[in-house]
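# Secondary and tertiary structure notes
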Amino acid sequence: MAAPYRTIRDIVEHEIEIRRSRFICALAPAATEEAAREFVAERRRLYADATHNCSAYVVGKSVRRADDDGEPGGTAGTPMLEMLTRRGFADVAAVVTRYFGGVLLGAGGLARAYGGAVGETLDRAEVVEMVPAAVVTVSVGHAQAGRLESDLRASPYTLRGVDYGARVAFEVAVAEDRLPVFEEWIAAVTAGRAVTALDGTVHLAR
């Protein structure tokens, strides 16, 4: 079974100051690595005069990237990434822009500053809980299709698509913990005439 995770709904920005250095953190939802890279590039263009624009992002199960952008190795991007993963976030990109204030923070101070900037910004974000869901294909005859489509659109289940062929196939995403209830519901509303098949896994916002 796939694991649940957390993401954010919209871009959020927060600034902290530590020993006269400004740390401006921005977070954005990023469902693909391309979207994460574009957000990082956009922030670097916006703050091209900054001392550093450090970044980290988590996309899906396997993509994890961190960039110190000139800070000592492991003092910026890595603690940013660790903050995202430790708190269970994915599909999120983070950029922390630093304007140096003239006081050296040391490796530990930098790591706390960059990780802390991300943590404080996450505290201000609108968090979305993403839960694993089964993709179920439900097929019925054409005579039942109109009624079933109406019932599905009025239901708590997510209708992802409809394919009209010899039979009509509805692609529905159902949270895994609700799958038995969904199968009972489909049997009831179609008088047992629907054919269902599992067709992969996605995540849904709870």
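Anything mentioned here points back to the structure above.
Residues numbered from 1 in each chain as written. Predicted model: local features only at pLDDT ≥ 70, side-chain atom pairs only at ≥ 80, totals over all residues. Heavy atoms only, no water.

## Section: the overall build of the protein
Our working definition: Numbering goes from the N terminus for both helices and strands, where a helix is a DSSP run of H or I of at least four residues and a strand is a run of E of at least two. Accessible area is worked out with a 1.4 Å probe on protein chains only. A residue is then buried under 20% of its type maximum, exposed over 50%, and partly exposed in between. It only takes one pair of heavy atoms within 4.5 Å for two residues to be counted as in contact. Positive charges are assigned to Lys and Arg, negative charges to Asp and Glu, while His and the chain termini are left out of the count. We put the charge of a Lys on NZ, of an Arg on CZ, of an Asp on CG and of a Glu on CD.
Secondary structure assignment for the protein yields five helices and 10 strands. With respect to the three principal axes, the spread of C-alpha positions in the protein is 75 × 30 × 25 Å. Classification of the 206 residues of the protein by burial places 49% in the buried group. Sequence-distant contacts, at least 24 apart, represent 70% of the contacts inside the protein between residues at least 6 apart. For the protein, the separation between the mean place of its 24 positive charges and that of its 28 negative charges on side chains is 3 Å.

## Points about the pairing of strand β7 (residues 127-140)
Basically, it comes down to this: When DSSP locates at least two bridges between a pair of strands, those strands are taken to pair.
Most of β7 is tucked away: 11 of the 14 residues are buried. In this sheet, β7 lies alongside strand β1 (residues 5-8) in antiparallel orientation, the contact comprising four bridges. Note on β7: the bridge partner recorded for isoleucine 8 is valine 127. When β7 meets strand β10 (residues 195-205), the two strands line up antiparallel, connected through nine bridges. Bridged to alanine 134 within β10 is threonine 201. Two strands pair when backbone bridges link them, and β7 and strand β9 (residues 168-175) are joined in this way by eight bridges, in the antiparallel orientation. What sits directly across from alanine 133, in β9, is alanine 175.

## Some words on the layout of surface pockets
Inclusion rule: Of the grid points, spaced at 1 Å and generated over the protein atoms alone, those admitting a 1.4 Å probe that cannot get out make up cavities, while open sets with protein on both sides within 12 Å along at least five of seven lines make up pockets; any residue with an atom within 4 Å of a point is treated as lining. Grid points are joined across faces, edges and corners, and a volume is the space filled by probe spheres set on the points.
Estimated volume of the largest pocket: approximately 210 Å³. If you go around the largest pocket, the residues you meet are Ala3, Pro4, Tyr5, Val58, Gly60, Lys61, Arg64, Thr85, Gly88, Phe89, Ala90 and His203.

## A few points about helix α2 (residues 77-86)
Turning to α2, its buried residues number three or more, namely Gly77, Pro79, Met80, Leu81, Met83 and Leu84. On its buried face, α2 is in contact with β4 (52-59), β5 (63-67), β6 (92-99) and α3 (106-124). The positive-phi residue at the C-terminal boundary of α2 is glycine 88, with phi of around 80°.

## Description of the pattern of salt bridges
The cut-off we apply is this: Here, a salt bridge means any Lys or Arg side-chain nitrogen found within 4 Å of an Asp or Glu carboxyl oxygen.
The tally for this structure, following the rule as stated, stands at 12 salt bridges. Residue arginine 160 pairs with glutamate 171 through a salt bridge whose shortest N-O separation is 2.9 Å. Note that arginine 160 is positioned in strand β8 (residues 158-164) and glutamate 171 in strand β9, a separation of 11 residues in sequence. On the basis of relative accessible area, arginine 160 is assigned to the partly exposed category, the value being 44%. Sharing partners across several salt bridges, the network here consists of Glu33, Arg37 and Arg65.

## With respect to the packing of aromatic side chains
What counts is decided by this rule: Here is the rule: rings of Phe, Tyr and Trp (six-membered ring for Trp) pair when centre to centre is within 6.5 Å. Planes less than 30 degrees apart are stacked, more than 60 are edge-to-face, and the remainder are tilted.
The tally for this structure, following the rule as stated, stands at five aromatic pairs. Arranged with centres 6.4 Å apart and planes meeting at 75°, the rings of tyrosine 47 and tyrosine 99 form a pair that is edge-to-face. Taken together, the residues span a long stretch of sequence, with tyrosine 47 in the loop between α1 (33-46) and β4 and tyrosine 99 in strand β6 at a distance of 52 residues. When sorted by exposure, tyrosine 47 lands in the same class as tyrosine 99, which is buried.

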